[in-house]
Amino acid sequence: MFTPNRNLTKDGQSWLCSSGLPSDIVIQVEETSFHLHKFPLLSRSRALENLIGDSSDDERKGVDNNRCVLQLHDLPGRAKTFLLVAKFCYGVKMDLTAKNVVSLRCAAEYLEMYEENGEGNLVTQTETFLNAVFANWIDTIKALETCEEVLPHAEELRVVSRCIDSLALRACSDQPLFIWPVSGRNAAQSPASTLVWNGIRTAPKAQHMSEDWWYEDVSFLRLPLYKRLILAVGSRGMKPERIAGSLIFYAKKYLPLMGRQSNSQNGNRAGPQINLSASTEADQRILLEEIVELLPDQKGVISTKLLLKLLRTSLILHASQSCRENLEKRVGTQLDQAVLVDLLIPSMGYSVETLYDIDCVQRILDHFMTVEKDAADTPSNGVVDEEQFLGISQSLSPLTLVANLVDSYLAEVAPDVNLKLPKFQSLAAVLPPYSRQLDDGIYRAIDIYLKAHPWLTDSEREQLCRLMNCEKLSLEASTHAAQNERLPLRVIVQVLFFEQLRLRTSVSNWFFVSDNDSQVPSGNLALPRTENTVQPASGENQIVRFDDMKERVFELEKECMGMKEEIDRIMKTKGSWNSFFKLFGLKLKMKSSEPKAAKKKCSAEVVPPAATTPLLNGKPDEAKGELVH
């Protein structure tokens, strides 16, 4: 063994061995030269032994007869790794760490430093240390990061796969069995993190770790290695929610549009020199497409809000069509969980006229309806649950939520003067009519659109108003529609007609309830008569009930009078009732009036209002006229 003074010193771009003996070999690795001696290298490396033996017969490779020059430009790890190899050959103390063991292992394999060339050679020592590294989470992360520098050699030696398998095993294992510091922040215990009892400092109890404890550590890996790790944990049966959480964490960290936070806020350990926030648009697009491809297929593992954020980012980065379609389908399967603000995706490109991307929302809505239709067509295997037996549709709730969402979206985009009528109609007509419990939302959107597009013709206005059902408008919406001058006259008449029918039905129901309660054949609103003695408390309850009914009837009469005044106001400007009915296909069907039997009076009798039947030209309908389509 070579035993002189074995210190390696640097002189510019050269390393010299100050052993007192002149060097007889020069090894060049890139721009660095190592002036060494042959014997220490021959005793450890079979590859160097062969190269030195060949060079002794070739004088062209040496500066003189006593000195040779070898070039090792393709050595794994380059000059910094060969310096450690040289120290090992000279017996100089060196420290093996998680950050240099991978390159040393690859260099030892490259130089053929096996046990045949010396006991305890570099291959054996690096393999032993690697096994210890694989038993530690943080050291394995560091070792995997350094594999990027020597990736072909590390792949050949299966160092990368062993690192990934070790990380995947621990990420999928039960938390109580494996407790490691995360991101190196807890590696060195601070005085505040220990317990002091009777002057003795003890370690604190292990704290429970959440399922996302490993997200930050693996986010320091570059995309190719991170992708392999995600595939590995997926093959080991990790929950899709945890995989999706890690992918979203990675995307948020390196894509500025996803709300990336700077690395300085994520612990004190610096990751590899990767700065995707300053990278080109093409690099960010590739990253996004890879993340979307890795997302689990299960529904609900990612919130709709995050999916829409990924979709918006893909549109800004001009991602591939397959990437956008993937995200649109995912959003469509859980559209009932979306909120309006996330659905307002700005239009990208200079050729698009509308402010928001209506076509994208249209495709998402089409996917939603496809999923709903498939769910409705799925056979139940003969099992009928209680809701189906009672006629309650299980898909009604998601449809109703999406209908309300679409109505709100239409109201938001309606002020855009560049929004064409066919596109507005197409989006509103995707949902079936039964999806809306009330048509107030679609009426509001139509009203806003009419206000922003005053140049629409009468036929276009009527065509637009066919999207709503006047019979499903609430009282407040009907009152507004009856006074809305932007609506076509036909629609206003339909609103008033259905309101009058609703009013007559309400009054009839009140009288029907009164008849059943009082048990009076004449139908008058009177207290029940009985020969038996009635409890005082029961009589008081009956009086209160009839007082409430009287008040309600008076309110309905007042509303009816208000609609009557509106009809009179319209008729003064639009013509007589006869031409009015003829225009809208309504007929006046007359019924012969029959004298009614005189009604008995009592002390509690309530006279019904006179205007409870349709009013024509401001007078009661004495002939019992009815509007018939």
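Computed from a predicted structure; not experimentally measured.

(A) Highlighting the overall build of the protein chain. When you go through the protein chain residue by residue, the secondary structure sums to 25 helices and 11 strands. Counting over 629 residues, the protein chain shows a buried share of 43%. Expressed as a percentage of contacts within the protein chain between residues at least 6 apart in sequence, the contacts between residues at least 24 apart total 71%. Within the structure as shown, the protein chain displays about 34600 Å² of accessible surface, and the carbon and sulfur contribution to it stands at 51%.

(B) How the structure looks around the packing of aromatic side chains. Within this structure, the stated rule accounts for eight aromatic pairs. Considering the side-chain rings of Tyr226 and Tyr250, the 4.0 Å spacing of their centres and the 10° angle between planes classify their relative orientation as stacked. On the criterion of sequence distance, the pair formed by Tyr226 in helix 10 (residues 223–235) and Tyr250 in helix 11 (residues 240–254) is long-range, its members being 24 residues apart. This pair shows no difference in class: Tyr226 is buried, exactly as Tyr250 is. On the basis of an interplanar angle of 65° and a centroid distance of 4.9 Å, the ring pair of Tyr250 and Tyr254 is categorised as edge-to-face. Residue Tyr250 and its partner Tyr254 are located together in helix 11, separated by four residues, close to a single helical turn.

(C) Representation of the confidence of the model for the protein chain within the structure. Scored by pLDDT, the protein chain comes out at a mean of 76, with 66% of its residues at no less than 70. Of the regions scoring below 50 in pLDDT, residues 1–5 engages in 13 contacts with residues more than four places distant in sequence or in other chains. Within the model, the stretch residues 576–629 combines pLDDT values under 50 with 74 contacts to residues more than four positions away or in other chains.

(D) Spatial organisation of the pairing of strand 4 (residues 32–36). Of all the five residues making up strand 4, five are buried; the element is thus mostly covered by neighbouring parts of the structure. Of the two faces of strand 4, the one carrying Thr32, Phe34 and Leu36 and the one carrying Ser33 and His35 are both buried. By the bridge criterion, five bridges tie strand 3 (residues 25–29) to strand 4 in an arrangement that is antiparallel. Counted as the bridge partner of Val29 is Thr32 from strand 4. Counting the residues between successive antiparallel strands, the hairpin from strand 3 to strand 4 contains two residues, one of them, Glu30, with a positive phi of roughly 60°.

(E) Spatial organisation of the environment of Ile248. Inspection of the secondary structure puts Ile248 in helix 11. Spatially, the C-alpha atoms of Ile248 and Tyr215 are 9.5 Å apart, while their sequence positions differ by 33 residues. Beyond its immediate sequence surroundings of up to four residues, Ile248 is in contact with Ile302, Leu306 and Leu310.

(F) Broad picture of the environment of Ile27. Within the secondary structure layout, Ile27 lies in strand 3. Given the relative accessible area of 0%, Ile27 is considered buried. Spatially, the C-alpha atom of Ile27 lies 9.9 Å from that of Trp15, the residues being 12 residues apart in sequence. Ile27 has contacts with Thr32, Ser33, Phe34, Leu41, Leu48, Leu70, Leu72 and Phe82, leaving out every residue within four places of it along the chain.

(G) Up close: unusual backbone geometry. Positive phi is not limited to glycine here, since Arg78 has a value of about 60°. Structurally, the position occupied by Arg78 is in helix 3 (residues 78–90). Take Arg78: its relative accessible area is 37%, and that puts it in the partly exposed class.

(H) Summary view of the packing of helix 10 against helix 12 (residues 281–294). Put simply, helix 10 and helix 12 touch, their axes get as near as 11 Å, and they point 5° apart. By the criterion of interaxial angle, the relationship of helix 10 to helix 12 is roughly parallel. Residue-level inspection shows Leu223, Tyr226, Lys227 and Leu231 of helix 10 in contact with helix 12, the latter providing Leu287, Glu290, Ile291 and Leu294. Grouping the amino acids of the contact of helix 10 with helix 12 by side-chain chemistry returns six nonpolar, no polar and two charged.

(I) Examining the side chain of Thr400 more closely. Secondary-structure assignment places Thr400 in helix 18 (residues 396–413). Discounting chain neighbours no more than four positions away, the residues touching Thr400 are Ser435 and Gln437.

(J) Representation of the environment of Gln125 within the structure. In this fold, Gln125 is placed in helix 5 (residues 122–134). Look at Gln125 and you get partly exposed, because its relative accessible area is 36%. Residues Gln125 and Ala108, spaced 17 residues apart in sequence, show a C-alpha to C-alpha distance of 9.9 Å. For Gln125, the contacting residues outside a window of four places in its chain are Phe88, Leu96 and Gly120.

(K) Representation of the state of the cysteines within the structure. If you walk through the whole model with that rule in mind, you get zero disulfides. Take Cys106: it sits in no disulfide, and the sulfur closest to it among the cysteines is that of Cys147, at 7.2 Å. Cys106 gets classed as buried once you look at its relative accessible area, which sits at 2%.

Scoring rules and cut-offs
Once a new chain begins, its residue numbering starts again from 1 and follows that chain's sequence as written. For this predicted model, a pLDDT threshold of at least 70 governs which residues receive local features, and a threshold of 80 or more governs which side-chain atom pairs are given and counted, while totals over whole chains, interfaces and linings are taken from all residues. Note that the side-chain values use all heavy atoms of the structure and ignore hydrogens as well as water. The numbering of helices and of strands both runs from the N terminus, where a helix is a DSSP run of H or I of at least 4 residues and a strand a run of E of at least 2. Throughout, exposure labels follow a simple rule: accessible area from a 1.4 Å probe, protein chains only, divided by the maximum for the residue type, with under 20% read as buried, over 50% as exposed, and the rest as partly exposed. Any pair of residues with heavy atoms lying within 4.5 Å of one another is described as a contacting pair. Each accessible area is a Shrake-Rupley estimate made with a 1.4 Å probe; only the visible protein chains count as cover when residues are assessed. Only the six-membered ring of Trp is used, alongside the rings of Phe and Tyr, when aromatic pairs are assigned; centres must lie within 6.5 Å, and planes under 30 degrees apart are stacked while those over 60 apart are edge-to-face, with the rest tilted. Every residue is assigned a pLDDT by the predictor, reflecting its confidence on a scale from 0 to 100. When DSSP locates at least two bridges between a pair of strands, those strands are taken to pair. For helices, the fitted axis covers only the stretch in contact; all axes are lines through C-alpha atoms, and the angles between them, taken along N-to-C directions, range from 0 to 180 degrees. Roughly parallel means an angle under 35 degrees; roughly antiparallel means over 145; roughly perpendicular covers 65 to 115; every other angle is labelled oblique. Note on residue classes: Ala, Val, Leu, Ile, Met, Phe, Trp, Tyr, Cys and Pro are nonpolar, Asp, Glu, Lys and Arg are charged, and everything else, Gly too, is polar. A pair of sulfur atoms, both from cysteines and within 2.5 Å, is called a disulfide here.

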